[in-house]
Every structure is written in structure tokens, then in C-alpha cells.
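Listed below are the residues making up each chain.
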Amino acid sequence: MKARESFEKEFTGQYRLFAAPGRINLIGEHTDYNEGFVLPASIDKRIYLAIQALDTMRADLVSADLGEKASFLLDDTRPKLPHWALYPFGVVKELQKRGFRPGGFRAAFGGDIPIGSGLSSSAALESAFAVALNALFGLGADQMTLALVGQSAEHHYAGVRCGIMDQFASLFGKKGQVIRLDCRSLEHEFFPLDLEGFELILADTRVKHSLASSAYNERRRQCETGVALIRKHFPAVKSLRDVNREMLAGLENQMEGKVFQRCSYVVEENARVTQTCDALAQGDPDRVGRLMFFSHQGLREQYEVSCPELNLLVETAAKTPGVKGSRMMGGGFGGCTINLVRSNNVQLFQDRIARAFEKDFGHLPLFYQVSTGDGARELTGNEQK
Ligand code: ADP
Ligand code: MG
């Protein structure tokens, strides 16, 4: 393990080991800021962290993967740091803001989550430090507080206004399960992801179109516009979470076309999360797959956040034997698709996708095979290898 090796090379003395996973989202896209449902799972790709408490108020950090070092003082406010160090710094600051007093530490970390591909390596990094500092200094913060600490670190120090899903999944995830998270109440329920005979394969377009953030803001505004109009007729409605198809259908002729389209997508996608949970509980991967295809169709045609690269991946997947479902994952305009593929057909799937993608876009996509894995925790015994 690189984290271990780096720690031992750089520092001396005893240390403890922690790991925090990245995540996938099976279905439920652009529902989080509409107070709806998402269905993430923590995966078997992680950030590993070797850490030792110091009795000075200083943090010395090594990024094993980038081969870089950084240090800060715990009472610094805006130290000049490389980007990756802003995450642990942000976690320290957000813990302090909530009245927790972590001490100084030395740490080395590294991992196998693809960086910047939408598997939330950033949330894994935050969760790893949050869990480690909580344990190392006996802070007594609960898991939810640690998730909020990670999210705030991301908002205030990395400058990304993310929802809570990523940190939540990294901290609360369980092997073999997806989490249905209610983004309004933060209530959550586990459903078994029993994929005997199937694999989850991510296909990474390796593109990120610049449209992403402006379109994101525009979609949020359009959803708010929709809610404002719906409220005039249904005053109890606070977000699209509270809206169903019938309510929406009755208002179609009063709503601007695009706004209606956006609202329809969100209402239907929320319903698909619930339907996917039913399908999982019944052990029906075919139905899960169909819902994934419908999700993509909605994201492409109604919500309009897909792009040619993602669409080609999904279209090619749909034509490949053994592929049950495929859809874009994440905010859109690039990143990965998530695919539910029969184990025997994985090679065929990758070959076909790679060929079709390279022909149209001139470069190969990347593939990541993922399984579910446990949430952030301290590693013990032979897990420490
Ligand atoms: P994502 O969360 O989708 O992977 P982000 O852009 O949100 O992408 O976060 C990626 C950033 O997180 C990187 O630029 C880096 O600063 C930090 N990071 C993630 N993983 C690592 C790692 N293994 N080593 C160093 N920094 C990392
Ligand atoms: Mg991120």
C-alpha cells in the first residue's frame, strides 16, 4: 500500500491506517438539489491514509500518488497550499468551526480512485481525514457530522458547491448495498445490490465540456421557476420532490416548454429511484437496467445535460448483447457512463465501446470495473497490507 510506504519513507514511529471509498450513483441524477432521492453505493476503490498524532499544532502531509508534500499550522487561516492539501486543511477548519479540536498530525495518503472522473475521489479524501482525525483525537463527532464537515470543506476550500451525497456515501456505505438517500431529510435506507452474474462497468469519456457549470445553474433556476408556478396551485409544494406527474400534467399549458420538460424529468427520475429499489429488492436486474436506460433518455432529451460522447457510449451499450442498462452518471457534459453488464459479456462490451468511441472521437474511453465496498473506516489486522 502506497500510503504506508510513503509514510515509512518520510516519517518514523507508529501510525494508524484508514480508508475511505469513492462512490457510484446507480440512479437518481439531478434529483439532489430538488430535495429528492439518490441511490449511491460506496465502491472498492479508496483513498488510504497512514496517520500519526503529533503534539505540536502542525500538519505534515505527503501525497503518495502525486509525489508532493505540504504542511500547515492548525490555526492558519488561508495558507498557500497545493490543491490536494486544501481538502485535509478544509476538514481541519470545518471540524474547528464546529467546536472540535483535532491536534497536529503527520500523514501520507494515496489510492486507486480515478481522479476527476466523477467517482468522488475528493469526498473520499475528505472522509478519510475526517474519520481519521475523529478517531485519532477522540473527537466524538458522529458520522453525519463528519459528512457535513467533508461537504463544507468541499464548498469553502475546494470551491465546489456539491450536495451531501458523495460524503454521505463514502462514510455510510456498506459492501453489497446501495443507499437510498432522501436529500431532504437525510433519512436513508439500504437495499441489497445483488448482482450475481453481472458487473458494473464505468466507461469514462475523458472529456468535460465547459458547458457543465453554466448549464447546472440554469437547470437549478428552471426547477425553481417550475416550483414557484406549481406552488400557486399547490401551496404545500416546497420542491419538485413534492410534485407528481398528475399535478404537473395539469399545469403543462401554463408553463414554459423547457421548464415543463425539466420538471417532468425530475419528477420521473425520483419515481425511478423508488422503482429501482423495488426491482433490487425483488432481485430483478433486467428492470434495474431498463430504468437506467430511461434515466439516460430523460437526461438526454428532457433535462438536456448529456453530450455526444455520453450518448454514443449509451447507444453502443444498448446494442451490445448482455448489457442490461446504461446511463450517464453525474452532472453531465462529460465524465462516465455506468453500465450493468453480464459478466460473460464484459470483454465484448469493452471492445465494442472502445472501437465505436475511438472512431467518432479519436481517443479511447477508459473502463473501470467497480464493486461495492465498505464505507470509511480504520483498517485492522490483515487489511493493513
Ligand atoms: P472527483 O471527486 O470526481 O474525483 P474532483 O475534481 O472533485 O474530482 O476532485 C479531485 C481532486 O481531489 C484532485 O484534483 C486532488 O486535488 C484531490 N485528490 C483526489 N484523489 C487524490 C489522490 N489520490 N492524491 C492526491 N490528490 C487527490
Ligand atoms: Mg469531487
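Residues numbered from 1 in each chain as written. Chains lettered and ligands numbered in written order. Predicted model: local features only at pLDDT ≥ 70, side-chain atom pairs only at ≥ 80, totals over all residues. Heavy atoms only, no water.

1. Looking at the sheet that holds strand β2 (residues 37–38)
Piece 1. The strand order across the open sheet formed by three strands is β2-β7-β8, and the pairing between neighbours is antiparallel. Edge positions in the open sheet fall to β2 and β8 (188–192), since each of these has one partner strand only.
Piece 2. Inspection of the sheet shows strand β7 (residues 177–182) paired to β8 by five bridges, in the antiparallel sense. Bridge pairing in β8 links isoleucine 179 to phenylalanine 190. (Pairing = 2+ DSSP bridges. Helix = DSSP H or I, 4+ residues; strand = E, 2+ residues; numbered from the N terminus.)

2. Re the packing of helix α2 (residues 86–97) against helix α3 (residues 121–136)
Piece 1. Where α2 contacts α3, the axes come no closer than 9 Å and their chain directions differ by 50°. Comparing the axis directions of α2 and α3 gives the class oblique. As α2 packs across α3, the resulting crossing turns out to be right-handed. Each of Tyr87, Pro88, Val91, Val92 and Leu95 in α2 lies in contact with α3, whose residues at this interface are Ser122, Leu125, Glu126, Phe129, Ala130 and Leu133.
Piece 2. Residue composition of the contact of α2 with α3, by class: nine nonpolar, one polar and one charged. (Axes fitted to C-alpha atoms, helices over the stretch in contact; angles between N-to-C directions. Parallel < 35°, antiparallel > 145°, perpendicular 65-115°, else oblique. Left-handed = near helix turned anticlockwise from the far one by under 90°. Contact = heavy atoms within 4.5 Å. Nonpolar A, V, L, I, M, F, W, Y, C, P; charged D, E, K, R; others polar.)

3. Points about the site of ligand 1
Piece 1. Taken together, 19 residues surround ligand 1, and among them Asp65, His83, Gly116, Ser121 and Ser122 come closest.
Piece 2. Take glycine 116: an N or O atom from its main chain is 2.8 Å from an oxygen atom of ligand 1.
Piece 3. Serine 122 has a polar side-chain atom sitting 3.0 Å from an oxygen atom of ligand 1.
Piece 4. Burial of ligand 1 by the protein amounts to 82% of the accessible area it has alone, namely 560 Å².
Piece 5. Residue composition of the shell around ligand 1, by class: nine nonpolar, eight polar and two charged. (Near = heavy atom within 4 Å. Polar contact = N/O pair within 3.5 Å; in protein donor to acceptor, adjacent residues only side chain to side chain. Areas by Shrake-Rupley, 256 points an atom, 1.4 Å probe, with all protein chains shown as cover.)

4. A closer look at the side chain of glutamate 29
Piece 1. Tracing the backbone through its elements, the reader meets glutamate 29 in the loop between β1 (16–25) and β2.
Piece 2. Filtering out sequence-adjacent residues up to four positions away, glutamate 29 remains in contact with Tyr265, Glu269, Leu299, Arg327, Met328, Met329 and Gly330.

5. Concerning the domain arrangement of the protein
Piece 1. Domain assignment breaks the protein into domain 1 (2–194 + 373–384) and domain 2 (198–370).
Piece 2. Spacing between the C-alpha centres of domain 1 and domain 2 amounts to 27 Å.
Piece 3. If you look at the interface, domain 1 gives 31 residues, while domain 2 gives 39 residues.
Piece 4. Taken together, the two surfaces of domain 1 and domain 2 that pack against each other cover about 2,800 Å², and 65% of this comes from carbon and sulfur.
Piece 5. For the pair domain 1 and domain 2, the number of links is three salt bridges.
Piece 6. Two residues, arginine 327 and glutamate 29, come together in a salt bridge whose shortest N-O distance is 2.8 Å.
Piece 7. Of all the secondary structure elements, the ones that give two or more residues to the side of domain 1 that touches domain 2 are β1, β2, β3 (40–54), β7 and β8.
Piece 8. Class assignment for the residues of the side of domain 1 that touches domain 2 results in 14 nonpolar, eight polar and nine charged. (Domains from an automatic or database assignment. Buried area = accessible area lost by both parts, 1.4 Å probe. Salt bridge = Lys/Arg side-chain N within 4 Å of Asp/Glu carboxyl O.)

6. Quick look at the pairing of strand β11 (residues 334–342)
Along any regular strand the residues' side chains alternate between the sheet's two faces.
Piece 1. Burial runs high along β11: eight of the nine residues are buried.
Piece 2. In this sheet, β11 lies alongside strand β10 (residues 323–328) in antiparallel orientation, the contact comprising five bridges. Paired with serine 326 across the strands is asparagine 339, a residue of β11.
Piece 3. Where β10 hands over to β11, the hairpin turn is made up of five residues, of which glycine 330 adopts a positive phi near 100°. (Buried < 20%, exposed > 50% of the residue type's maximum accessible area, 1.4 Å probe, protein only.)

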